[in-house]
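Descriptive analysis of the structure
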Protein chains: 2
Amino acid sequence: MMLKKVYDFSALETALTDISGELEETFDALLPVPDGGDAKVVEAMRYALFAGGKRLRPFLVRATADLFGVSRTSSLRAGAALECIHTYSLVHDDLPAMDDDDLRRGKPTVHKAFDEATAILAGDALLTFAFEILADESTHADPRVRAALVSLIARASGHHGMVGGQMLDLDAEDKTLGEQEIIRLQQMKTGALIVSSVEAGAVLGKASPHARHALVAYARAVGLAFQIADDLLDHTASEAEMGKATGKDADAGKETLLSLWGEDRAREQARILTEQALGYLEEFGDKAELLRDVAQFAIHRRR
Amino acid sequence: MMLKKVYDFSALETALTDISGELEETFDALLPVPDGGDAKVVEAMRYALFAGGKRLRPFLVRATADLFGVSRTSSLRAGAALECIHTYSLVHDDLPAMDDDDLRRGKPTVHKAFDEATAILAGDALLTFAFEILADESTHADPRVRAALVSLIARASGHHGMVGGQMLDLDAEDKTLGEQEIIRLQQMKTGALIVSSVEAGAVLGKASPHARHALVAYARAVGLAFQIADDLLDHTASEAEMGKATGKDADAGKETLLSLWGEDRAREQARILTEQALGYLEEFGDKAELLRDVAQFAIHRRR
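Residues numbered from 1 in each chain as written. Chains lettered and ligands numbered in written order. Predicted model: local features only at pLDDT ≥ 70, side-chain atom pairs only at ≥ 80, totals over all residues. Heavy atoms only, no water.

1. A short note on the nonpolar core
Of all hydrophobic cores here, the largest spans 205 residues; its most connected members are Phe131(A), Tyr218(A), Phe131(B) and Tyr218(B). Sequence-distant contacts of Phe131(A), defined by excluding residues within four places in its chain, comprise Ile85(A), Val150(A), Ile153(A), Ala154(A), Ser157(A), Thr128(B), Phe131(B), Val150(B) and Ala154(B). (Core = buried A, V, L, I, M, F, W, Y, C linked by side-chain atoms within 4.5 Å. Buried < 20%, exposed > 50% of the residue type's maximum accessible area, 1.4 Å probe, protein only. Contact = heavy atoms within 4.5 Å.)

2. Considering unusual backbone geometry
Outside of glycine, negative phi angles account for most residues, and trans bonds account for most peptide bonds. At Asp100(A), a position not held by glycine, the phi torsion is positive, near 55 degrees. Relative accessible area serves as the criterion here: at 43%, Asp100(A) is assigned to the partly exposed category. For Lys206(B), which is not glycine, the phi torsion reads 45 degrees and is therefore positive. Relative to the helices and strands, Lys206(B) is located in the loop between helix H9 (179-204) and helix H10 (209-236). (Helix = DSSP H or I, 4+ residues; strand = E, 2+ residues; numbered from the N terminus.)

3. Points about the environment of Leu278(A)
Considering the arrangement of structural elements, one finds Leu278(A) in helix H14 (residues 263-280). Linking Leu278(A) and Gln296(A), residues 18 residues apart in sequence, is a C-alpha distance of 8.8 Å.

4. Brief notes about the interface of chain B and chain A
Much of the literature gives interface size as the accessible area that the parts lose upon coming together. Each partner contributes residues to the interface: chain B has 48 residues there, and chain A has 48 residues. Interface of chain B and chain A: buried area, both sides summed, is about 3900 Å²; carbon and sulfur atoms make up 72% of it. Of all residues in chain B, Leu121(B), His159(B) and Met167(B) give up the largest surface area on contact with chain A, accounting jointly for 17% of the area buried on that side. Across the contact surface, chain B and chain A share 4 salt bridges. With a closest N to O distance of 3.1 Å, Glu132(A) and Arg155(B) form a salt bridge. Run the count over chain B and chain A and you get 8 residue pairs in polar contact (both at pLDDT 80 or more). For the side of chain B that touches chain A, the elements supplying multiple residues, two or more each, are helix H2 (39-49), helix H4 (72-93), helix H6 (116-135), helix H7 (143-157), helix H8 (162-171) and H9 of chain B. Considering each element in turn, the side of chain B that touches chain A owes the most residues, 13 residues, to H6(B). (Buried area = accessible area lost by both parts, 1.4 Å probe. Salt bridge = Lys/Arg side-chain N within 4 Å of Asp/Glu carboxyl O. Polar contact = N/O pair within 3.5 Å; in protein donor to acceptor, adjacent residues only side chain to side chain.)

5. So, the relation of the copies chain B and chain A
Note on the identical chains: chain B maps onto chain A by a rotation of 180 degrees and an axial translation of 0.0 Å, with an RMSD of 0.0 Å. On this basis, the relationship between the two copies can be described by a two-fold rotation axis. Mapped onto chain A, 100% of the interface residues of chain B are again interface residues, and the two copies thus contact each other with one and the same surface. (Least-squares fit on C-alpha atoms with pLDDT ≥ 70 in both.)

6. Structural notes on the packing of aromatic side chains
Taken as a whole and assessed by the stated rule, the structure comprises 9 aromatic pairs over all chains. Centroid distance Phe9(A) to Phe297(A): 5.6 Å. Interplanar angle 80 degrees. Geometry classified as edge-to-face. Taken together, the positions of Phe9(A) in the segment before helix H1 (10-30) and Phe297(A) in helix H15 (residues 289-300) put the pair 288 residues apart, joining distant regions of the chain. Centroid distance Tyr47(B) to Phe114(B): 5.6 Å. Interplanar angle 75 degrees. Geometry classified as edge-to-face. Placement of Tyr47(B) in helix H2 and of Phe114(B) in the loop between helix H5 (110-113) and H6 is noted, with a sequence separation of 67 residues between them. For Phe114(B), a relative accessible area of 24% translates into the label partly exposed. Three or more aromatic residues joined by ring pairs make a cluster, and in this case those are Tyr7(A), Phe9(A) and Phe297(A). (Phe/Tyr/Trp six-rings, centres within 6.5 Å; stacked < 30°, edge-to-face > 60°.)

7. Some remarks on the pattern of salt bridges
Following the criterion strictly, the structure yields 38 salt bridges over all chains and no others. Residue Asp66(A) pairs with Arg72(A) through a salt bridge whose shortest N-O separation is 2.5 Å. Residue Asp66(A) is classed as partly exposed on the basis of its relative accessible area, which comes to 30%. A residue is classified by how much of its surface remains accessible, and Arg72(A), at 46% relative accessible area, is partly exposed. Across the pair Glu268(B) and Arg271(B) runs a salt bridge whose closest N-O atoms are separated by 3.0 Å. Here the residue Glu268(B) and the residue Arg271(B) both occupy positions in helix H14 (residues 263-280), the gap between them amounting to 3 residues, near one helical turn. Arg271(B) sits in the partly exposed class, given a relative accessible area of 33%. Members of the salt-bridge network, linked through shared partners, are Glu24(A), Arg55(A) and Glu83(A).

Take a look at the structure:
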């Protein structure tokens, strides 16, 4: 018989709070509102960026980069770029022609708070701004690192990665997908950006190919565990807890790993993925404690 | 009394045809259609990219880079990236929430040929793909050049540049703008990407600061001349000649330099801008002949 462990996430929570605060300061400094009629698009970018969220991607960049003693300015800026990309994808995903959501984290979505045209433009500007940040000298002194970050993150977020996954997801609404197809969809739609957050930390740290591969494998497992946990939360949580509409996938008749596997097997698979993720971190010793915490958090969190 | 000169644009036309052909080969090679449900977004990207157009931005990169003996693969790839950005901006601009256009270059716009969600995603993917191309080693061996291109082009196309200009333009629909405001709008909305095309050629060629400044000044003048000529064509051309709806700005009650200045003064200003542009090219001698041609073409073209 197994005893249920109680995890102490206080170090992780402190790290997430710290990076959230630093990110808000960074966005505030990098995105002053201009005087003219173009102010609206910057206000909409800021509205979307300051809406909160776990800041998981910036956290993953920072926690990985810390393994290699990277300057905290570098990891913060690369994390800010990834958060811009994540945020733009939410702004466009919420549009009437896409998921048509009115609420995001308990607040009106950008096209509701502003208008559709402004939401489209704010998303475009956030995506562009991400690459501006990555290519800037303040992110890393070595242009080789900056170019590698742009390459990595563009591949993860475009048609090979996140956008391709969103297309698969829209296309899936009138199809029955098998296990491998759902996994591929999730790896592209949400997994690719999570993996590239960890990989960005490795690139900043000029990690050896061996260390980089281990970290990528860790991130793939954690990304999928998070997705399964999200499906489970979406299935059980109330709308008030999540701050957004829940049960939407089931309502839309969308196949998920949860609908395919059922709750028990989904929980078991998420647990196995977490174990695998932890295995890939062994070589990094105590330094990787926060990365271990976030793998546990993926399956033990409540929202 | 002045004699009306007849310009010979055959060398320019050959250069534009050549770069169009090379671009289509490049896009064909870089964007194979995948097997799965994500095929649709790549098909929509290809549909938009292969719809034709003058290919002015890739031409400007190539003609400028040629001044410095840059490899033609480098200038072609940087030009392809700029064309991806120009194309994404048209796809998003045509959306129902923006300009709501059904036709572009005589063909159904992307959201008409596919659907709105696919058009949003295809635009996002084209923008992302542009930075993937720029950061790739095949574009330039020197990572410093690649990072500089990403920086330059991100600044020109995001909220400081093109997207900011689109926001100004939407915002202008219920306002009366003065001359300086209209010029600022045009410099952001269309000028910034034209300037960055020329500047990209200079960056690829590691031009001296002096040469780079002269080329930027040339591009600013040409960009504004093109815009005034566009307004004049929009005012006089028939829909069949332009392959898109014309007279839209006037219908929407939008202020343009033409509506502010009247036809004669608009023509005169475009001519003066072209003269200024030619002045900035003097130091480059005969090598800059194609850049001279395109400045003349701006004001002498029929469509």
